[in-house]
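Architecture and fold: a report
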Amino acid sequence: MQNYKMTIAYDGSRFYGWEHQPNTELTIQGKLEAVLSLMTGAPVEVIGAGRTDAGVHAKGMVANCQMETKRSPDSIKAYLNRYLPDDICVRDVRVAGERFHARYNAMGKTYQYTCYVGDLKPVFNRKYVYIPEEVPNVERMRKAAEYLMGTHDFASFCGNPRMKKSTVRKVDKIEITQSGSFLHLTYHGTGFLQYMVRILTGTLLEVGFGKRTPESMEDLLEARDRSQAGFTAPAKGLCLLKVDYSNQVTG
């Protein structure tokens, strides 16, 4: 048995997220396992770096799996891309260290949320952007983001009301940039809670709309109450860009 590391891109529009779900085969994990099991003739378990939700996209999801095959990494990649649906692409396959684990060894993740703030309909990007009803004030959003960076208890931004584990996370970057009609919110942190990036985005947009002040982020963090935070931005605007690992672990 050899351990393999895979980097995967996918359009999450029609899938019920990364992880297996009851009563449906439409998950990214399920599709990968089905093709790899067909290739090897034996069941293959694929472990992802995280669990993107239904409708969320990825350009750089990382996964690993243990399997026995005589195929080279390039041949595995070619087989996967031949038989996977067109909305999933395996960008890279390589032999990994025996102890590499895509989830446990992840040191950080970069997500990007995209809003469209132009005048015309984004016909060709409509499945990958959120269109707010008004154009937010970017400077107000940036000021609010400064309060949210660092190590905090992000319970107010957690979408799981039954969360029993720690809700403390470190977010070391929230970068808000505008390129033409597209507004990008890029987040980097050691890890994120369920719906956390989408709730952070919804809250920052409400600051941009003038519904909240940038300074109110301090009280919001202190409250540790999901009902006090902003709306959960739609899944389609969110994309996982990259997962960080130590070179010592992956090889």
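Residues numbered from 1 in each chain as written. Predicted model: local features only at pLDDT ≥ 70, side-chain atom pairs only at ≥ 80, totals over all residues. Heavy atoms only, no water.

**Let's talk about unusual backbone geometry**
One non-glycine residue, asparagine 23, lies in the positive phi region at around 70°. As for its position among the elements, asparagine 23 is in the loop between strand E1 (2-10) and helix H1 (28-40). For asparagine 23, a relative accessible area of 84% corresponds to the exposed category. With a phi angle near 50°, arginine 224 is a residue other than glycine that sits in the positive phi range. With respect to the element layout, arginine 224 can be found in the loop between helix H5 (216-223) and strand E9 (238-244). Assessed through its relative accessible area of 44%, arginine 224 is described here as partly exposed. (Helix = DSSP H or I, 4+ residues; strand = E, 2+ residues; numbered from the N terminus. Buried < 20%, exposed > 50% of the residue type's maximum accessible area, 1.4 Å probe, protein only.)

**So, the layout of surface pockets**
The calculated volume of the largest pocket comes to roughly 1,000 Å³. Along its surface, the largest pocket is lined by 33 residues, and Gly50, Arg51, Phe192, Leu193 and Gln194 are the ones closest to its centre. Within the residue set of the lining of the largest pocket, elements represented by two or more residues are strand E5 (108-116) and helix H4 (196-208). Looking at the lining of the largest pocket element by element, the count peaks at 3 residues for H4. Of the residues contributing to the lining of the largest pocket, the split by class is 15 nonpolar, 9 polar and 9 charged. Computed from the structure, the second largest pocket encloses a volume of approximately 270 Å³. (1 Å grid on protein atoms, 1.4 Å probe; cavity = no way out; pocket = protein on both sides within 12 Å on 5 of 7 lines; lining within 4 Å. Points joined across faces, edges and corners; volume = space filled by probe spheres on them. Nonpolar A, V, L, I, M, F, W, Y, C, P; charged D, E, K, R; others polar.)

**A short note on the packing of helix H3 (residues 138-148) against H4**
H4 packs onto H3 with a crossing angle of 135° between their chain directions and a minimal axis gap of 8 Å. Relative to H4, the element H3 lies oblique. Between H3 and H4 the crossing geometry is right-handed. Contacts from Arg140, Met141, Ala144, Ala145 and Leu148 in H3 reach Leu200, Leu204, Leu205, Val207 and Gly208 in H4. Here the residues of the contact of H3 with H4 sort into 8 nonpolar, 1 polar and 1 charged. (Axes fitted to C-alpha atoms, helices over the stretch in contact; angles between N-to-C directions. Parallel < 35°, antiparallel > 145°, perpendicular 65-115°, else oblique. Left-handed = near helix turned anticlockwise from the far one by under 90°. Contact = heavy atoms within 4.5 Å.)

**Observations regarding helix H2 (residues 73-83)**
Those residues of H2 not exposed but buried are Ile76, Tyr79 and Leu80. Buried residues of H2, viewed axially, fall in a sector of 95°; they line one side. Turned more than 90 degrees away from the buried face of H2, the exposed residues are Asp74 and Arg82. Those residues of H2 that are buried lie in contact with E1, H1, strand E3 (57-67) and strand E4 (88-95). (Arc of directions from axis to C-beta.)

**Let's talk about the nonpolar core**
Within the largest apolar cluster, 71 residues are counted, with the highest numbers of intra-cluster contacts made by Leu36, Leu80, Phe157 and Leu204. The biggest single contributor to this core is H4, with 7 residues. Not counting residues within four places of it along the chain, the set of residues in contact with leucine 36 comprises Met6, Val44, Val46, Cys65, Met67, Ile76 and Leu80. (Core = buried A, V, L, I, M, F, W, Y, C linked by side-chain atoms within 4.5 Å.)

So yeah, pure geometry; function would need other evidence.
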